[in-house]
Structure formats: structure tokens, C-alpha cells
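Residue-level structural notes
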Amino acid sequence: LASREKGSRREICTHEQMTTEASGSTDSTSRCLSEPDLVCCILHALGTCTRDGDLIDVVSLSKGVAKVWATAARRLLCSEAYAELVPLSRLLFNGVQQAPTRLVKARLSTQTGRKEALTPLDDSATLPLHRVLRQRSTAPATVLDLLECASDAASSWCLPRALPLHTAAEHAAPVEVVRALLRAFPAGVSHRGFGGRLPLHLGLASNAPAEAVLAILAAHPDAARQKTGDAKEGLPLHLACAAGADS
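Thresholds applied
- Residues numbered from 1 in each chain as written.
- Predicted model: local features only at pLDDT ≥ 70, side-chain atom pairs only at ≥ 80, totals over all residues.
- Heavy atoms only, no water.
- Helix = DSSP H or I, 4+ residues; strand = E, 2+ residues; numbered from the N terminus.
- Buried < 20%, exposed > 50% of the residue type's maximum accessible area, 1.4 Å probe, protein only.
- Contact = heavy atoms within 4.5 Å.
- Core = buried A, V, L, I, M, F, W, Y, C linked by side-chain atoms within 4.5 Å.
- Phe/Tyr/Trp six-rings, centres within 6.5 Å; stacked < 30°, edge-to-face > 60°.
- Lys NZ or Arg CZ within 6 Å of the ring centre and 35° of its normal.
- Salt bridge = Lys/Arg side-chain N within 4 Å of Asp/Glu carboxyl O.

1. What to know about the side chain of H130
Counting through the fold element by element, H130 comes out in helix α9 (residues 128-133). Residue classification places H130 among the buried positions, given a relative accessible area of 0%. Leaving out residues up to four positions away in the same chain, H130 has contacts with A125, S156, W157, C158, A162, L163, P164 and T167.

2. Looking at the nonpolar core
With 43 residues, the main nonpolar core has L129, L146, V178 and L181 as its most contacted residues. When neighbours within four sequence positions are excluded, L146 is seen to be in contact with L88, L92, L108, A117, P128, L129 and V132.

3. Digging into helix α12 (residues 175-184)
Where α12 is concerned, the buried positions are V175, V177, V178, A180, L181 and L182. Of the surrounding elements, those touching the buried residues of α12 are α9, α10 (140-149), α11 (164-170) and α14 (210-219).

4. So, unusual backbone geometry
A cis amide bond links L159 with the next residue in sequence, P160, at an omega value of -5°. Notably, A125 is not glycine yet its phi reads approximately 65°, a positive angle. Looking at A125, the relative accessible area reads 30%, which means it is partly exposed. Of note, N207 is a non-glycine position whose phi angle comes to about 55°, a positive value. Of note, N207 is situated in the loop between α13 (199-205) and α14. Of the residues examined, N207 reaches a relative accessible area of 44% and is grouped as partly exposed.

5. Here's the deal with the packing of aromatic side chains
For the structure on display, the rule yields 0 aromatic pairs. Of note, R131 hangs over the ring of F93, and the distance from its end group to the ring centre comes to 5.1 Å. The ring of W157 carries R161 above its face, with NZ or CZ at 4.1 Å from the centroid.

6. A short note on the pattern of salt bridges
The tally for this structure, following the rule as stated, stands at 3 salt bridges. Among the ionic pairs, D222 bridges to R225, the shortest N-O distance being 2.7 Å. For R225, a relative accessible area of 61% corresponds to the exposed category.

The structure is reproduced here in C-alpha cells:
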């Protein structure tokens, strides 16, 4: 495919058509492609490359190319067909922005998507749930959908020794996410993560939302009297003061 100006508009044409027109021929089989046609072409390419195990990054391909390519790629990212073809990890972490929540949910509704939700992304046993919790820009609805689809992920450890609840507390997740994790794996609130820190320690050190910290404290009141593995850090009260927590 190639892009060209024609009058006041830009067209996407096949190389065959441009070659035919340059030679003066009028081959009726060659034609210009509209944006919907272009999206179909990209979907076809995605399907082929998915079967070969080498997925095309549509957004990366569109950079620096005609504006119509970028527009078509953005529309593609919002299409149901994209969610059917693309792995969950690409929808969540495509290098530009997360796909819309509805597409993530659509992927999770499939058997393949549910399997992907419990499949580690790397050698550190990091699941998609761990990864999205590290991104503060993640929509809470995406986390809740992951938990609904694969509740067992809430009890999964990743390196360096962290449950999803530890990750959520460390990265100041909103209260609805913390409460969902507590419901999915209540025992997690009393488990110590890396450095001997409880979720309460991590939430206070990161100055997490007050409601989220209170939810953790309500689930494990005894944590208020427990120190971290580092004697220098002291009690949760000391961590809260060091982080400048509100009274």
C-alpha cells in the first residue's frame, strides 16, 4: 500500500494501481482503498502474523506515515476485531496506551483470554494483574475485570516477593481496587513481602489514598503494631510520618 495526494484529499492505493496509472493502462482490477478498506487490510495482516506467532504493532507501523494510516490504526485499536486477534498482554501494554476497557473485557470473556490472565509474562512470575497494578494510569475497571476473570491471580506471588495486594499498596491503588483484592484473597493482608513489609507498610510508605490504607488496616488491625523487616523503618506510624501522611 502507498499514500498519495489526489486533489484536496489523500488516498491509500495499491502499488499495482500506481504502477498501472504511470504506464497509462486502465486496469479495472486496481483500486484506491478507503479507511475501512485499510482497516480490513491491517486486520488481515494481524490475523496472518498472529498465526505465525509474530504480531505486528499497528501503532508503531503507523508512526511517521500518512495521517490516514494513524487514524485507521487508532480506529483499529477500538474495534472488537482487534480484541479477538490480539493477545491480552498487547491490549494491556502496547507501548502507547491501554486499549479501551471494553476491549480488555471482551478478550477476558474468551477461553484464551482467561488462560492468558493466569499466564506469567516473564521469568519473575509476573501476571498481567501484577503488571497493571504497577501502572497508576490503569483504569480501576480493568483491574476489577482481571480479578473477576481470574480471581486466583490475587494469591499469586511474583518476584521480588509480592502479592498483587503488595503491588497495589506500593503503587497507591484506589480503594475500590484494594477492596477487591482483599475480597479475592483475604489472607494476603497478613503476608509479608519483599523487605518484610506488610501491605500496610507499603501503603503508608507510598502515601496511598487514606481510604485504601484504612481498608487494609481494618482487614488486619494487628499490622499497626508490627515492624517491617528493616529495623530502621520502625512501625507503620513511623512510615506514615516519614511519608508526610495527613492526620
